Amino acid sequence: MLSQAQTIRAVLAPVLLTSLLFPLLYQPFLDSTWSTLRYTSLYNWSTFETIWTVFCYAAIEVSMTIVFLRHPEWRLSPSSSPSSKPRPKPKGMRRPSRRIGEILLYIAPLLTMDLTMIKKFADVPLADILSSGNYNAHTHLAPPDDHHLLATNASLPSKSFLLPTLHNFTASSPLQLVRALPPDAPSSRLLATELIASFLIYDALFFAFHLSLHQIRPLRRWHAPHHAHDTGIHPQVTNQLSLFERLGLVLLANFSLNMIGSHVLTRTLFVPVFVWLLVEIHSGMDLPWGYDKVLPQGWAGGARTHMKHHAGGGGGLEPFFCWWDRLWEMCR
């Protein structure tokens, strides 16, 4: 009989392979889904990704906390082996009603960026991006020989996905309220490759960021709150971060998606997977369906490795995989 992890692998592997090899199988579904999303008001809001991230985090963290409380036999001890006896609820776990300040601290800087910066996505016509940011597309897309219009081009926003561009603030458009979306759905092949690439890029970037938080003395105090807990970790530790860390985590994820020019639908799918993995590695549990058991052996760190990191045992600097951790240990 297959284990839970093997069952998940048996389902996901064929889906991944057929997505890459036979993208036409999924195109009608993707076209229909994208058409629905593209003409949904909420999905066009500039704040959608922040709202979606908060929703996913709340749903996943609460669900994982319930599992944590109901299955003490799955909990890991700091020595990275399953606890032999059930333990009471760890000190520091709080009800959602007592975490309003934490929620506001998380969303305030993200909403500020959402409402002031233009959203620039791959495959979106530049005219649509300009219009969404309250710029005159006709003026900024003037032909090279139109000197009068080009003279007004000083405020032309950057076309690059990697460089931020401010909204053109006016009395009639004081905030960036919408985002321009690509007209067509991606293929399943593009979705799969972009998701894989974005997680690999993020894993490497966050490893470097996390390493700096431990190695550079002035940064250590900003990372200290994340390690300020009792002997064991639990799902709520995921968001036990300083503002600096929280922004670093989100901006690196966004950069990983932007640097490959990912489709907006890729970004939408990235969020729940990303949040799930973050909460899982901080769950403090040896889950039967843990992603480290689903992936081939030796590819992932998982909750056990991250528990060891929080216990001061080294390793676990890399969030999801383990290749950069191994390279770092070899270099040391």
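Reading the values: rules and limits
Residues numbered from 1 in each chain as written. Predicted model: local features only at pLDDT ≥ 70, side-chain atom pairs only at ≥ 80, totals over all residues. Heavy atoms only, no water. Helix = DSSP H or I, 4+ residues; strand = E, 2+ residues; numbered from the N terminus. Buried < 20%, exposed > 50% of the residue type's maximum accessible area, 1.4 Å probe, protein only. Areas by Shrake-Rupley, 256 points an atom, 1.4 Å probe, with all protein chains shown as cover. UniProt positions renumbered as here; feature names shortened; annotations may be inferred. Phe/Tyr/Trp six-rings, centres within 6.5 Å; stacked < 30°, edge-to-face > 60°. Salt bridge = Lys/Arg side-chain N within 4 Å of Asp/Glu carboxyl O. Core = buried A, V, L, I, M, F, W, Y, C linked by side-chain atoms within 4.5 Å. Contact = heavy atoms within 4.5 Å. Patch = residues over 30% accessible without salt bridge, like charges linked within 9 Å, V, L, I, M, F, W, Y side chains within 5 Å.

**Focus on the overall build of the chain**
Secondary structure summary: the chain contains 15 helices and zero strands in total. Here the chain holds 332 residues, and 44% of them are scored as buried. With the model as given, the accessible surface of the chain reaches about 17,300 Å², and the carbon-plus-sulfur share is 68%.

**A short note on the UniProt feature "transmembrane region" (unreviewed entry) in the chain**
Sequence positions flagged by UniProt for "transmembrane region" (unreviewed entry) are, in local numbering, residues 12-30, 50-69, 103-122 and 195-213. In residues 12-30, helix accounts for 74% and strand for 0%; the two terminal C-alpha atoms are 18 Å from one another. Between the C-alpha atoms that bound residues 50-69 the distance is 28 Å, and the span itself is 100% helix and 0% strand.

**Quick word on the packing of aromatic side chains**
For the coordinates displayed, the defined rule picks out 18 aromatic pairs. Ring centres of Phe-274 and Phe-320 lie 6.1 Å apart, and the angle between their planes is 90 degrees; on these two criteria the pair is classed as edge-to-face. Of the two residues, Phe-274 is situated in helix H12 (residues 264-281) and Phe-320 in the loop between helix H14 (302-310) and helix H15 (323-331); the sequence distance between them amounts to 46 residues. By relative accessible area, Phe-320 is classed as buried at 1%.

**Description of the pattern of salt bridges**
Side-chain pairs of opposite charge can arise where the charged atoms are in close proximity. Taken as a whole and assessed by the stated rule, the structure comprises five salt bridges. Taking the shortest distance from any N to any O, the salt bridge between Lys-119 and Asp-114 comes out at 2.7 Å. With respect to class, Lys-119 is no different from Asp-114; both count as buried. Residues Asp-286 and Lys-293 are paired through a salt bridge, measuring 2.6 Å at the closest nitrogen-oxygen approach. Classification of Lys-293 as partly exposed rests on a relative accessible area of 30%. Through salt bridges with shared partners, one network takes in Glu-49, Arg-179 and Arg-267.

**Focus on unusual backbone geometry**
Within the chain, Asp-123 stands out as a residue other than glycine whose phi angle is a positive 70 degrees. Not every positive phi belongs to a glycine, and Asn-134 is a case in point at roughly 70 degrees. Its location among the elements puts Asn-134 in the loop between helix H6 (126-132) and helix H7 (137-140). By relative accessible area, Asn-134 is classed as partly exposed at 23%.

**Considering the nonpolar core**
The biggest cluster of nonpolar side chains holds 34 residues, and the ones touching the most others in it are Tyr-202, Phe-274 and Phe-320. Those elements that provide at least two residues to this core are helix H4 (48-70), helix H9 (188-215), helix H11 (243-258) and H12. Setting aside residues up to four positions removed in sequence, Tyr-202 forms contacts with Leu-249, Leu-252, Ala-253, Ser-256, Phe-274, Pro-319 and Phe-320. One finds Leu-30, Leu-130, Tyr-135 and Leu-181 within the second-largest nonpolar core, a separate group that totals 17 residues.

**Let's talk about a nonpolar patch on the surface**
There is a patch of nonpolar side chains on the surface, built from Leu-16, Ile-196, Leu-200, Trp-299, Trp-323, Trp-324, Leu-327 and Met-330 and spanning about 790 Å² of accessible area. Only H9 and H15 provide two or more residues apiece to the nonpolar patch. Here the nonpolar patch takes four residues from H15, the largest share from any one element. Its place among the elements puts Trp-324 in helix H15. Residue classification places Trp-324 among the partly exposed positions, given a relative accessible area of 37%.

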